[in-house]
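# Close look at the chain arrangement
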Amino acid sequence: MWKPFDATATPPHWITQKKSPAPIPGKVAVTAFINGWCSVQNMIYERTKRACSQFGEQVVFTSIDTSDPETFQEWGIVDGIFVDGKRLSFGPPLSYEKILQKIRRRVKGL
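Right, let's walk through the structure included here. The written sequence of each chain sets the order in which its residues are numbered from 1. Whole-chain, interface and lining totals are the exception, using all residues; otherwise, since this is a predicted model, local features are given only for residues with pLDDT of at least 70 and side-chain atom pairs are given and counted only at 80 or more. Only hydrogens and water are removed before side-chain values are computed, so all heavy atoms of the structure are retained for them.

Turning to the environment of Glu-57, a few remarks are in order. Numbered from the N terminus, helices here are DSSP runs of H or I no shorter than four residues, and strands are runs of E no shorter than two. One can find Glu-57 in the loop between α1 (39-52) and β2 (59-65). Taking the C-alpha atoms as reference, Glu-57 lies 7.8 Å from Lys-27; in sequence the two are 30 residues apart.

All right, on to the nonpolar core then. We define the nonpolar core as a collection of buried residues of types Ala, Val, Leu, Ile, Met, Phe, Trp, Tyr and Cys that are connected through side-chain atoms lying within 4.5 Å of one another. Each residue gets one of three labels from its accessible area relative to the maximum for its type: buried under 20%, exposed over 50%, partly exposed in between, using a 1.4 Å probe on protein chains only. With 19 residues, the main nonpolar core has Val-30, Val-59 and Ile-103 as its most contacted residues. When residues of this core are traced back to their parent elements, those giving at least two are β1 (28-34), α1, β3 (80-83) and α3 (96-108). No other element matches the five residues that α3 contributes to this core. Beyond its immediate sequence surroundings of up to four residues, Val-30 is in contact with Thr-48, Cys-52, Val-59, Val-60, Phe-61, Thr-62, Ile-81, Phe-82, Val-83 and Ile-103. Phe-33, Ile-64, Trp-75 and Ile-77 belong to the second largest nonpolar core, which has five residues in total. It only takes one pair of heavy atoms within 4.5 Å for two residues to be counted as in contact.

Position of Asp-6 among the secondary structure elements: in the segment before β1. One polar contact links Asp-6 to Thr-8, side chain to side chain, over a distance of 2.3 Å. Here a polar contact is recorded for every N or O atom pair within 3.5 Å, except that within protein the pair must consist of a potential hydrogen donor and a potential acceptor, and residues adjacent in sequence are included only if both atoms are side-chain atoms.

Turning our eyes to something else, we now look at unusual backbone geometry. Keep in mind that most residues, glycine aside, have a negative phi and that most peptide bonds are trans. Positive phi outside glycine occurs at Asp-84, with the angle close to 50 degrees. By the element assignment, Asp-84 lies in the loop between β3 and β4 (86-87).

Centre distance within 6.5 Å is the pairing criterion for rings of Phe, Tyr and Trp, where only the six-membered ring of Trp is used; planes under 30 degrees apart are then read as stacked, over 60 as edge-to-face, and the remainder as tilted. Evaluated as defined, the whole model comprises three aromatic pairs. These aromatic residues form a ring-pair network of at least three members: Phe-33, Trp-75 and Phe-82. Here, over-ring charges are defined by two tests on the NZ atom of lysine or the CZ atom of arginine: distance to the ring centre within 6 Å, and angle to the ring normal within 35 degrees. Stacked on the ring of Trp-75, the Lys or Arg Lys-19 has its end atom at 4.4 Å from the ring centre. Above the ring of Tyr-96, the side-chain terminus of Arg-50 is found at 4.0 Å from the ring centroid.

Glancing now at the pattern of salt bridges. Salt bridge, as applied in this entry: a Lys or Arg side-chain nitrogen positioned within 4 Å of an Asp or Glu carboxyl oxygen. For the structure on display, the rule yields two salt bridges. With a closest N to O distance of 2.7 Å, Lys-19 and Glu-74 form a salt bridge. Pair noted here: Lys-19 is in the segment before β1 and Glu-74 is in helix α2 (residues 69-75), with a separation of 55 residues, a long-range link.

Here it is as C-alpha cells:
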C-alpha cells in the first residue's frame, strides 16, 4: 500500500529484469546471479556450478555478483540461474539431479 505524506513524494516501483544473459554459439551458457544473502539461492548456485563441471568445455559457467548495487541495477536481477538465456524455475529449490538433467538436455542439443 502506498500513501504519500508529501506532495513531492513519488511512488515506489519494483525493479524489473532489464536484460537476459546471451547464449554462446556452440556451447551451453549457464549464468548464475548471486548476492549471498539467500541461503537457498546459495545452495542452488553451488549445485549448478558443480553440475556444470561435469560437461567440460561444452558448458560455460558465468557467475554474476549482484551484491554490488550497480550490477544489480544493470541487470535488474537479484538472483537466479539461466541456461542459454532462459531462467530455471521459480518454485522450490531444484535438486542437483534436476539441474544436471536440464543442462544435459541442452548439451545433447548442441
